[in-house]
Amino acid sequence: MSLEACSKPDEEILPYVRMPENLVAGEPLRFATTLPLGGYGRGVVCISVDGRPIKIEGNALHPASLGSTDAFAEASIFGLYDPDRSRTVLQSGSIASWDMFLKALLPRVEHYRANGGEGLRLLTGCISSPTLPRQIDLILKQYPGARWHAHEPIGDESERAGATMAFGRPLQPLPQLSQARAILSLDADFLGPGPCQIQNARAWIEGRKPFSRDNTTSRLYVIESAPTITGAKADHRLTLHPRLIHNAAIAIANALGAELPAPDLPVAVERFITAATQDLHAQHSRALILGGRALMPEVHALIHWINAELEARIDFIEPADMLFGPPEPLYGLAQDLAQGRVQDLILIGTNPVHTAPADLNFQEILKRSSFNIHIGTHVDETASACHWHVPESHPLESWSDLQSLDGCTSLVQPLIRPLYDTRTAHELLASFLGRPDATSYELVRETWATTGIANLEDWWR
């Protein structure tokens, strides 16, 4: 009996009833698509065998991929087949269905139409999809009282605030690392994990190639408070307490003529800064200084001033979520929740119960909303605290569009039908606009149809 209990269960593998066109059994096919990381897209090529995705490779034609992948892209295959993925709609932790969810949602939608969306809030992660903010904009227009908030565990709020102080609007800097001959990093791990890791690493390697005139390479100076990949690759590295990195930025600016009050720094730090700034000044337009996300907005603004003085080669673009107006921060939502001004809350691609600052006590104030919905690939801490949880389709199962950090927009196409009864964020938001049967395919095509492309069908194919 023990041997029988441990034997493999009977399995029957059925062949295709109708073999799809252009498909040979066991022959791998390659499809171009886009995968998200931190809200931004990276173009990839996915290998599929018999209708099942099995391997991710880089797309050489996409600027954020350049034919390579990182650990996050490779692991997305495991995310698709993860046995812990959310498989069904949950109502307060109990199994429900999409139809049950729509039945509960319909009275709320009617309520929004009557009061103009007063008390309705949306909370998302970082968004670069052109379709998603278009839908959010439609919701905000249909329900003027609603508001949109965004939250990322490691966000770019300080960077945007610093850019606003420097330029009057939150521009996204795109440093030309391949053109830099001297780089100074202030707690910026630009070679570390992130949506630009592959792109930054390739550009930095290009700059490390010996110059034709003197056979020397670019120099990398790093001042940081903790070990990073960028620090490990530095030619000259200095460990500094986080509170002193602000002073270091002031000292660098003063060396370039800022005439700010002299900061208090150890002698060894001053020597390091003197050597680094001399190299930056010598390279001038081929010099570059970068600041990390943890720095204060004032430091980011000062870094923009330094780069302007150096005439550093940096491009600037509008952030992807600025097309329809920027979202509000999490803190404002937390205040409204605590004061009972939020009735209904939609959470998309974010887990604030786990990642929000502890002093917000988000799990407790979330209970003060009368109707809240979470959509995600897993039943995480936030999903467990919400009235409704909608399982989200994996990027390899859905249609969407994503923008890379440098502004390149590419499509997300499914390589397999959804393994479970899942929905996309596009389909969830369409339900709030009175279109519960709309598909992601239709919604994404509508976005691109509004761009004025001639012969849309030919272009789409």
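The residue numbers shown here count from 1 along each chain, following its written sequence. Local features are withheld for residues below a pLDDT of 70 in this predicted model, meaning they are given only at 70 or higher, and side-chain atom pairs are given and counted only at 80 or more; totals for whole chains, interfaces and linings count all residues. Side-chain numbers here rest on the full set of heavy atoms in the structure, without hydrogens or water.

**Quick look at the sheet that holds strand β15 (residues 371-376)**
Now for step 1: Strand pairing requires that DSSP identify at least two bridges connecting the strands. Secondary structure counts use DSSP, requiring at least four H or I residues in a row for a helix and at least two E residues in a row for a strand, with both numbered from the N terminus. An order of β5-β4-β16-β15-β14-β6-β7 is seen for the 7 strands of this open sheet, with the pairing classed as mixed. Strands at the two margins of the open sheet, each flanked by one partner only, are β5 (94-95) and β7 (147-150).

**A look at the sheet that holds strand β12 (residues 287-291)**
Now for step 1: Spatial ordering of the open sheet is given by β11-β10-β9-β12, a layout of 4 strands whose pairing is parallel. Looking at strand neighbours, the two that pair on one side only are β11 (236-239) and β12, the edges of this open sheet. Averaged over all pairs of adjacent strands, the angle between their axes in this sheet comes to 10 degrees, without regard to strand direction.
Now for step 2: Of the pairings in the sheet, the one linking strand β10 (residues 219-224) to β11 comprises 4 bridges and is parallel in character. Its bridge partner lying in β11, Val222 is registered against Arg237. Axes here mean lines fitted to C-alpha atoms, for a helix over just the part in contact, with angles spanning 0 to 180 degrees between N-to-C directions.

**Here's the deal with the confidence of the model for the protein**
Now for step 1: Confidence scores here are pLDDT values: one per residue, from the predictor, ranging 0 to 100. Averaged over every residue, the pLDDT of the protein is 90; residues scoring 70 or more account for 93%.
Now for step 2: The secondary structure element of the protein with the lowest average pLDDT is helix α1 (residues 2-5), at 43, and the one with the highest is strand β16 (residues 388-391), at 97.
Now for step 3: Note that residues 1-13 has pLDDT below 50 and, in this model, 0 contacts with residues that lie over four places away or in other chains. A contact between two residues is defined here by any heavy atoms of the two lying within 4.5 Å.

**Here's the deal with the packing of aromatic side chains**
Now for step 1: Pairing of aromatic rings covers Phe, Tyr and Trp, the last counted by its six-membered ring, and requires centre-to-centre distances within 6.5 Å; plane angles under 30 degrees mean stacked, over 60 mean edge-to-face, and any other angle means tilted. Scanning all chains against the criterion turns up 11 aromatic pairs.
Now for step 2: Between Trp98 and Phe101, the ring centres sit 5.3 Å apart and the planes meet at 35 degrees, which makes this aromatic pair tilted. One end of the pair is Trp98 and the other is Phe101, both in helix α3 (residues 98-115) and 3 residues apart, which spans about a single turn. Residues Trp98 and Phe101 agree in their burial class; the two are buried.
Now for step 3: Taken together, a centroid distance of 6.2 Å and an interplanar angle of 15 degrees make the contact between Tyr112 and Phe432 stacked. Placement of the pair is Tyr112 in helix α3 and Phe432 in helix α15 (residues 425-432), with a sequence separation of 320 residues.
Now for step 4: Per-residue accessibility, obtained with a 1.4 Å probe over protein chains only, is compared with the maximum for each type, and a residue is labelled buried under 20%, exposed over 50%, and partly exposed between these values. Judged by relative accessible area, Tyr112 falls into the buried class, the value being 2%.
Now for step 5: A cation over a ring is seen here: Arg445 above Trp460, with NZ or CZ 5.3 Å from the ring centre. Geometrically, a lysine NZ or arginine CZ counts as sitting over a ring once it is within 6 Å of the ring centre and also within 35 degrees of the ring normal.

**Regarding the pairing of β15**
Now for step 1: Taken across its 6 residues, β15 has 6 buried, putting it largely inside the fold.
Now for step 2: Of the two faces of β15, the one lined by Phe371, Ile373 and Ile375 and the one lined by Asn372, His374 and Gly376 are each fully buried.
Now for step 3: In this structure, strand β14 (residues 344-348) lies alongside β15, joined through 5 bridges in parallel fashion. Residue pairing across strands places Leu345 opposite Asn372, the latter belonging to β15.

**Quick notes on the packing of helix α5 (residues 157-167) against helix α10 (residues 297-310)**
Now for step 1: With their axes 7 Å apart at the nearest point, α5 and α10 run at an angle of 50 degrees to one another. Classified by the interaxial angle, the pair formed by α5 and α10 is oblique. Two packed elements cross with a definite hand, and for α5 against α10 that hand is right-handed. Where α5 approaches α10, its residues Ser158, Glu159, Ala161, Gly162, Ala163, Met165, Ala166 and Phe167 are matched on the opposing element by Pro297, Glu298, His300, Ala301 and His304.
Now for step 2: By the convention adopted, Pro, Cys, Tyr, Trp, Phe, Met, Ile, Leu, Val and Ala count as nonpolar, Lys, Arg, Asp and Glu as charged, and the other residues, Gly among them, as polar. Of the residues belonging to the contact of α5 with α10, the class tally is 7 nonpolar, 4 polar and 2 charged. The cut-offs work like this: below 35 degrees is roughly parallel, past 145 is roughly antiparallel, 65 to 115 is roughly perpendicular, and the gaps in between are oblique. Two helices crossing with the near one rotated counterclockwise from the far one by less than a right angle form a left-handed crossing, whereas a clockwise rotation gives a right-handed crossing.

**Topic: helix α9 (residues 267-283)**
Now for step 1: Here a helix's expected span is defined as the number of its residues, less one, multiplied by 1.5 Å. The end-to-end C-alpha separation of α9 is 25 Å, in line with the 24 Å expected for 17 residues at 1.5 Å each.
Now for step 2: All buried positions along α9 are accounted for by Val269, Phe272, Ile273, Ala276, Thr277, Asp279 and Leu280. Here the buried residues of α9 occupy an arc of 155 degrees about the axis, which is enough to place them on one side. Those residues of α9 that are exposed and angled more than 90 degrees off the buried face are Val267, Arg271, Gln278, His281 and Ala282.
Now for step 3: In this structure, the buried residues of α9 make contact with β9 (182-186), β10, β11, α8 (242-255), β12 and α10.
Now for step 4: Positive phi appears at His284, one or two residues downstream of α9, with a value of about 50 degrees. The directions from the helix axis to the C-beta atoms form the arc being described.

**Topic: α10**
Now for step 1: Between its terminal C-alpha atoms α10 stretches 20 Å, which fits the 20 Å expected from 14 residues at 1.5 Å a residue.
Now for step 2: All of the buried residues in α10 are Val299, His300, Ala301, Leu302, Ile303, His304, Ile306, Asn307 and Leu310.

**Quick notes on the pattern of salt bridges**
Now for step 1: For this analysis, a salt bridge means a side-chain nitrogen from Lys or Arg found within 4 Å of a carboxyl oxygen belonging to Asp or Glu. One pass over the full model with this rule turns up 23 salt bridges.
Now for step 2: The closest approach of N and O atoms between Arg134 and Glu446, which form a salt bridge, is 3.9 Å. Taken together, the residues span a long stretch of sequence, with Arg134 in helix α4 (residues 131-142) and Glu446 in helix α16 (residues 440-449) at a distance of 312 residues.
Now for step 3: Relative accessible area serves as the criterion here: at 28%, Glu446 is assigned to the partly exposed category.
Now for step 4: Residue Arg435 pairs with Glu446 through a salt bridge whose shortest N-O separation is 2.8 Å. Here Arg435 is found in the loop between α15 and α16, whereas its partner Glu446 is found in helix α16, with 11 residues between them in sequence.
Now for step 5: Members of the salt-bridge network, linked through shared partners, are Arg121, Arg147, Glu328, Asp336 and Arg341.

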